[in-house]
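Notes for the structure review
So the chains spell out like this:
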Amino acid sequence: MKSPSLTDLNAFIAVASHRSFRRAADMLGVSHSALSHSMRGLEGTLGTRLLNRTTRSVSLTQEGERLLARITPILGSLNDALEEVAAAAGQPSGLVRINGSDGAIRVLLQTVVPRLQARYPRVELDLCAEGQLVDIVERGFDAGVRLGEAVPKDMIAVRLGPDIRFLAVASPVYLRRHPAPRTPEDLHQHRCIRQRLPSGKRYRWEFSKRGKEVAIDVPGTLTLDSNRLMAEAAADGLGIAYVPELYTDAYLKKKRLVAVLEDWCPAIPGLFLYFPANRHMPSALRALVDVAKAAQ
């Protein structure tokens, strides 16, 4: 019998783990059709069906369950051995898949990625920017990058930068027509640029001052789902926006935006790189973590 390739076996483990061709294909960086072809080829080589497929789900046959149980520890040991050899030679290698918000990925690209590529050229990064907070383990990611308050408690977290603030900002043109708010409640008299969260809910602006916390469902006729676009819209005079300061810095320096309610905008924990605890750390991920720590 012809031996199946390691590529096909690893692809089978991905499909079996996710119970989804789409998610497995995303994790592996291949098309859905290519993955399906690979699985049909593996089943043909072994002469047995491994997967039960429907239009909505994927499940393992009895033979598939048996194969998964046998090859998972074997391939895991093989990967560990290869990584140990590479690490011993001072050349960590492999793929690291990271999920984060658009702004978080941008910070990672500016601060960590250039140093990682210069020091460890054999480490490959696959960065996925999306607004919705996801379960990185379930989705097949090695790590995530989010604000500290969003990092799950059971994860190991490495700080990527200083604390940040959400800032309420408006353009000088807007503020010439509308007096700047002095308290969060004053926002009810303003045109605000509201934010739609990935869950579909509208974000209530949260402020804090000397222990007093206020959450405002601000009024406005414009709702966006992008911090970058909200800052841009505010700079164009369309209203007051409330976004992380990393999106406002350039506009503030050019005086296209002015911060309001600054005393109601305290700092919160900044961005963190996080990954699962109690799991073998591949050499590529360890190299990324080491570079992130050194970048502080």
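Please refer to the structure placed before this passage.
This report concerns the structure included in the present document. Not measured: the values here are computed from a predicted model.

Turning our attention to the overall build of the protein chain. The helix and strand inventory of the protein chain stands at 10 helices and 14 strands. Taken against the 2.2 N^0.38 rule, which gives 19 Å for 296 residues, the C-alpha radius of gyration of the protein chain at 24 Å runs more than 25% over that of a compact globule. Projecting the C-alpha coordinates of the protein chain onto the three principal axes gives extents of approximately 80 × 45 × 35 Å. Taking all 296 residues of the protein chain together, the buried fraction comes to 43%. In the protein chain, 72% of the contacts between residues at least 6 apart in sequence involve partners at least 24 apart. In the protein chain, 40 positive and 31 negative side-chain charges are present, and the distance between their average locations comes to 4 Å.

Quick look at the side chain of serine 20 now. Mapped onto the elements of the fold, serine 20 is located in the loop between helix H1 (6-18) and helix H2 (21-28). Take serine 20: its relative accessible area is 16%, and that puts it in the buried class. Not counting the four nearest positions on each side in its chain, serine 20 is found in contact with Val15 and Val58.

Let us now look at the pairing of strand S14 (residues 271-276). Summarising burial for S14: six of the six residues are buried, a large majority. Here strand S5 (residues 143-147) pairs with S14 via four bridges, running antiparallel. When the bridges of S14 are listed, leucine 147 appears paired with leucine 271.

If you walk through the whole model with that rule in mind, you get 10 salt bridges. For the salt bridge of arginine 23 with glutamate 138, the shortest nitrogen-to-oxygen distance reads 3.0 Å. In this pair, arginine 23 is assigned in helix H2 and glutamate 138 in the loop between strand S4 (123-129) and S5, connecting sequence segments 115 residues apart. Assessed through its relative accessible area of 26%, arginine 23 is described here as partly exposed. Among the salt bridges present, the one from arginine 202 reaches aspartate 217, with a minimum N-O distance of 3.6 Å.

For the rest of this paragraph, the subject is H1. The end-to-end C-alpha distance of H1 is 18 Å, a good match for the 18 Å that 13 residues give at a rise of 1.5 Å each. Taken as a whole, H1 has its buried residues at Asp8, Leu9, Ala11, Phe12, Ile13, Ala14, Val15, Ala16 and His18. Looking at the residues trailing H1, positive phi occurs at arginine 19, about 50 degrees.

In this structure the tally under the stated criterion is three aromatic pairs. Feature note: the residues Phe166, Trp205, Phe207 and Tyr242 constitute an aromatic cluster, connected by ring pairs. Between the NZ or CZ atom of arginine 97 and the centre of the ring of phenylalanine 141, over which it lies, the distance is 4.3 Å.

Considering only enclosed or pocket space, the second largest pocket measures out at about 1,200 Å³ in volume. Along its surface, the second largest pocket is lined by 40 residues, and Leu147, Phe166, Gln195, Leu197 and Asn227 are the ones closest to its centre. Grouping the amino acids of the lining of the second largest pocket by side-chain chemistry returns 22 nonpolar, nine polar and nine charged.

A few words now on the nonpolar core. Soluble globular proteins tend to bury their nonpolar side chains together. Core analysis: the biggest nonpolar cluster contains 61 residues, and Trp205 and Phe207 have the highest contact counts within it. With seven residues, helix H10 (residues 283-294) is the largest single contributor of residues to this core. Residue assignment places this core across two domains, with domain 2 (92-160 + 270-295) and domain 3 (164-268) each supplying three or more. Apart from residues no more than four positions distant in its own chain, tryptophan 205 is found in contact with Leu187, Cys192, Ile193, Val214, Ala215, Ile216, Val218, Ile240, Ala241 and Tyr242. Residues Ala14, Ala16, Phe21 and Leu60 belong to the second largest nonpolar core, which totals 21 residues.

Strand order in the open sheet formed by five strands is S4-S3-S5-S14-S6, with mixed pairing between adjacent strands. Strand pairing shows two members of the sheet lacking a second neighbour, S4 and strand S6 (155-159), which therefore form its edges. Going across the sheet, the axis of each strand differs from the next one's by a mean of 25 degrees, ignoring polarity. Examined bridge by bridge, strand S3 (residues 94-100) and S4 share seven bridges and lie parallel to one another. Across the sheet, residue asparagine 99 finds its bridge partner in S4, namely cysteine 128.

The next thing to look at is unusual backbone geometry. Phi angles above zero are rare outside glycine, and arginine 19 is one such case at about 50 degrees. Note that arginine 19 resides in the loop between H1 and H2. Look at leucine 261: it is not a glycine, yet its phi comes out positive at around 55 degrees. Within the secondary structure layout, leucine 261 lies in the loop between strand S13 (258-260) and S14. Assessed through its relative accessible area of 5%, leucine 261 is described here as buried.

About the criteria used
Residues numbered from 1 in each chain as written. Predicted model: local features only at pLDDT ≥ 70, side-chain atom pairs only at ≥ 80, totals over all residues. Heavy atoms only, no water. Helix = DSSP H or I, 4+ residues; strand = E, 2+ residues; numbered from the N terminus. Rg over C-alpha atoms; globule rule 2.2 N^0.38 Å. Buried < 20%, exposed > 50% of the residue type's maximum accessible area, 1.4 Å probe, protein only. Contact = heavy atoms within 4.5 Å. Lys, Arg positive; Asp, Glu negative; His and termini not counted. Charge placed at Lys NZ, Arg CZ, Asp CG, Glu CD. Pairing = 2+ DSSP bridges. Salt bridge = Lys/Arg side-chain N within 4 Å of Asp/Glu carboxyl O. Expected span 1.5 Å × (residues − 1). Phe/Tyr/Trp six-rings, centres within 6.5 Å; stacked < 30°, edge-to-face > 60°. Lys NZ or Arg CZ within 6 Å of the ring centre and 35° of its normal. 1 Å grid on protein atoms, 1.4 Å probe; cavity = no way out; pocket = protein on both sides within 12 Å on 5 of 7 lines; lining within 4 Å. Points joined across faces, edges and corners; volume = space filled by probe spheres on them. Nonpolar A, V, L, I, M, F, W, Y, C, P; charged D, E, K, R; others polar. Core = buried A, V, L, I, M, F, W, Y, C linked by side-chain atoms within 4.5 Å. Domains from an automatic or database assignment. Axes fitted to C-alpha atoms, helices over the stretch in contact; angles between N-to-C directions.

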